[in-house]
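In case you want the letters, here they are:
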Amino acid sequence: MLGIVAAVLFFISFLINAADIGTNDVFTSANVMLLGLTALALHVAGIGVGRTRHSNGRRPWSRS
C-alpha cells in the first residue's frame, strides 16, 4: 500500500516540477518527492504490508 502512495507522490512531484506550478514553501516538488521517498522506504522496510499470522502459507481451515 505504501508503494502505491509513493508512486502517487512521485507523480504529483513530477507534475509540480514539469508544469512549473507555483506552490507555497511546503508543497514544493522536492518536499513531495521526499515524502514519496519516505513512503517507499517504509514500504521496503515492510511497514504497511498486510501480513497474516499463519506463516506456513496454509489456510487455518484446510486439513491437507
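This text gives an overview of the structure that appears in the document. Quick caveat: nothing in here was measured; it's all calculated off a predicted structure.

## With respect to helix H2 (residues 29–45)
Over its 17 residues, H2 runs 24 Å from end to end, which matches the ideal 24 Å to within 8%, given 1.5 Å per residue. Every buried residue of H2 is listed here: Val 32, Gly 36 and Ala 39. One side of H2 holds all its buried residues, which, seen down the axis, span an arc of 60°. In H2, the exposed residues that point more than 90 degrees away from the buried face are Val 44 and Ala 45. Residues of H2 that are buried make contact with helix H1 (2–18). Count one or two residues on from H2 and you reach Gly 46, which has phi positive near 100°.

## Quick notes on the environment of Ile 16
Here Ile 16 lies in helix H1. Given a relative accessible area of 13%, Ile 16 falls into the buried group. For the pair formed by Ile 16 and Ala 30, sequence separation is 14 residues and the distance between their alpha carbons is 9.5 Å. Leaving out residues up to four positions away in the same chain, Ile 16 has contacts with Ile 21, Thr 23, Phe 27, Ser 29 and Val 32.

What counts, and at which threshold
- Residues numbered from 1 in each chain as written.
- Predicted model: local features only at pLDDT ≥ 70, side-chain atom pairs only at ≥ 80, totals over all residues.
- Heavy atoms only, no water.
- Helix = DSSP H or I, 4+ residues; strand = E, 2+ residues; numbered from the N terminus.
- Expected span 1.5 Å × (residues − 1).
- Buried < 20%, exposed > 50% of the residue type's maximum accessible area, 1.4 Å probe, protein only.
- Arc of directions from axis to C-beta.
- Contact = heavy atoms within 4.5 Å.

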